[in-house]
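Coordinates in review
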Amino acid sequence: MKFSKRHVAKTITWRIIGTLDTLLLSWFISGDFSIGVQMGAYEMVTKMVLYYIHERVWFRSTIKSSNKRHILKTFSWRGVGTLDTIILGWIVTGNPLTGLKIGGAEVVTKMLLYFGHEKLWYQINFGLDRRNEKKRLNKLKN
């Protein structure tokens, strides 16, 4: 698998946002700051790997409409992310219900945060050198 600086940068920026959200939600739901920190730490690893794979899969998508694409990506990522959070919450707390509560809360917060993250990155040309060069050459031809 070829590494893309754009996908690595998106993975890192999203993980910072996502980790802070998970830490806060886990802390508030469990009532234990150390559980929030543990959840954030474990998710830092699992979610970076899962998110990078998700980005590479979606990069090959032929969906051109930005809103449709962002909405579909938001839902597909949230499915993967929620399942990961539920499992980790269960492992960290030993209570499957706490894992479900944390995962359930994240469905709302993370979808809103992710949609905004996607919209922002859609406007940024970082890591799209070849694509930008093709656009520039096409404009010169016309």
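Anyway, here's the lowdown on the structure attached to this text. In this text the structure is predicted, and so the values were computed from the model without any measurement. Within each chain, residue numbers correspond to sequence positions counted from 1 in written order. Whole-chain, interface and lining totals are the exception, using all residues; otherwise, since this is a predicted model, local features are given only for residues with pLDDT of at least 70 and side-chain atom pairs are given and counted only at 80 or more. Side-chain measures here rest on the full set of heavy atoms in the structure, leaving out hydrogens and waters.

With that out of the way, let us pick up the side chain of H70. In this text, helices come from DSSP runs of H or I with a minimum length of four residues, and strands from runs of E with a minimum of two, each type numbered from the N-terminal end. Topologically, H70 is positioned in helix 3 (residues 66-93). Exposed residues in this analysis have more than 50% of their type's maximum accessible area, buried residues have under 20%, and partly exposed residues fall in between, with area computed by a 1.4 Å probe over protein chains only. For H70, a relative accessible area of 1% gives the class buried. If we skip the residues at most four places from it in the chain, H70 touches F115, E118, K119 and Y122. Should any heavy atoms of two residues lie within 4.5 Å, those residues are considered in contact.

Residues I35, M39, L88, V92 and I102 constitute the largest nonpolar core, which totals 5 residues. Dropping the residues within four chain positions of it, M39 is found in contact with T22, S26, T85, L88, G89, V92 and I102. Take the buried Ala, Val, Leu, Ile, Met, Phe, Trp, Tyr and Cys residues and link them wherever side-chain atoms come within 4.5 Å; each set so joined is a nonpolar core.

The next thing to look at is helix 4 (residues 96-123). Multiplying 1.5 Å by the residue count of a helix minus one yields the expected span of that helix. Helix length check: helix 4, at 28 residues, gives a terminal C-alpha distance of 39 Å against a target of 40 Å (1.5 Å per residue), a fit within 8%. Note on bend: the value at a residue is the angle between axes fitted to the seven residues ending there and to the seven starting there. Of all bends in helix 4, the biggest is about 35°, found at V107. Those residues of helix 4 lying buried are T98, G99, I102, G103, E106, K110, M111, Y114, H117, E118 and W121. Buried-residue contacts for helix 4 involve helix 1 (5-30), helix 2 (33-59) and helix 3. Think of a polar contact as two N or O atoms within 3.5 Å of one another; within protein, one of them needs to be a possible hydrogen donor and the other a possible acceptor, and neighboring residues in sequence only count if both atoms come from side chains. In this structure N95 caps helix 4, since a side-chain oxygen of it lies 2.8 Å from the backbone nitrogen of L97.

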